[in-house]
Amino acid sequence: ARLLASYLVSSGSFAHPISRRELTRDDCVRLDAHLRKHRLGKACVEHAWENKEDYKRQNAATSQVHDIQAEATELLRAFYAASGHD
């Protein structure tokens, strides 16, 4: 769940990883609830989904997702490095 959340926030691609169907706000809310319940890290998928238009203008000073996107990207890099693929 944590890796999925990091991928969604980092990429801004809110699609189911297997079926490729678009994720809904409710899907993101449930993922955030799961993260909080199991203390799996920052629950910000819903926030990123609600501001998904900001991914198109990442360099804008008004971007609501820039900081959480950078944090998620670093987490993905750490997962990748820990798997021995660096």
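Scoring rules and cut-offs
- The residue numbers shown here count from 1 along each chain, following its written sequence.
- Two thresholds apply to this predicted model, a pLDDT of at least 70 for residue-level local features and 80 or more for giving and counting side-chain atom pairs, whereas whole-chain, interface and lining totals are computed over all residues.
- Remark: hydrogens and water are excluded; side-chain values derive from all non-hydrogen atoms of the structure.
- By definition, a salt bridge exists where a carboxyl oxygen of Asp or Glu is found within 4 Å of a side-chain nitrogen of Lys or Arg.
- Between the N-to-C directions of two axes lies an angle of 0 to 180 degrees, each axis being a line fitted to C-alpha atoms and, for a helix, fitted only over the stretch in contact.
- Each helix is a run of H or I in the DSSP string that is no shorter than four residues. Each strand is a run of E no shorter than two, and both are numbered from the N terminus.
- By the definition adopted for this analysis, an angle is roughly parallel if under 35 degrees, roughly antiparallel if over 145, roughly perpendicular if from 65 to 115, and oblique otherwise.
- Each crossing is labelled by how the near helix is turned from the far one, with a counterclockwise turn of less than a right angle marking it left-handed and a clockwise turn marking it right-handed.
- Contacts were defined at the residue level, with two residues in contact if any of their heavy atoms lie within 4.5 Å.
- Throughout this entry, Asp, Glu, Lys and Arg are counted as charged residues, while Ala, Val, Leu, Ile, Met, Phe, Trp, Tyr, Cys and Pro are counted as nonpolar. The remaining residues, Gly among them, count as polar.
- The pLDDT value tells you how sure the predictor is about a given residue, anywhere from 0 up to 100.
- Here the term buried applies to any residue with accessible area under 20% of the maximum for its type, exposed to any over 50%, and partly exposed to those in between, with areas from a 1.4 Å probe on protein chains only.

Our focus in this paragraph is the pattern of salt bridges. A side chain with one charge can pair with a side chain of the opposite charge if their charged atoms come near. Taken as a whole and assessed by the stated rule, the structure comprises seven salt bridges. In the salt-bridge network here, residues are joined through shared partners; they are R21, D27 and R30.

Another point: the packing of helix α1 (residues 2–11) against helix α4 (residues 66–82). α4 packs onto α1 with a crossing angle of 130 degrees between their chain directions and a minimal axis gap of 8 Å. With respect to their mutual orientation, α1 and α4 come out oblique. Every pair of crossing elements has a handedness; the one defined by α1 and α4 is left-handed. For the pair formed by α1 and α4, the contact residues are R2, L3, S6, Y7, V9 and S10 on the first element and I68, Q69, A72, T73, L75, L76 and F79 on the second. A class-by-class count of the residues in the contact of α1 with α4 yields eight nonpolar, four polar and one charged.

Considering every residue of the protein, the mean pLDDT works out to 87; 91% of them sit at 70 or more. Within the protein, the lowest mean pLDDT, 83, falls on α4, and the highest, 98, falls on helix α2 (residues 25–37).

This brings us to the side chain of S6. Among the structural elements, S6 can be located in helix α1. Residue class for S6 comes out buried when judged on its relative accessible area of 6%. When residues no more than four places from it in sequence are discounted, the contact partners of S6 are A72, L75 and L76.

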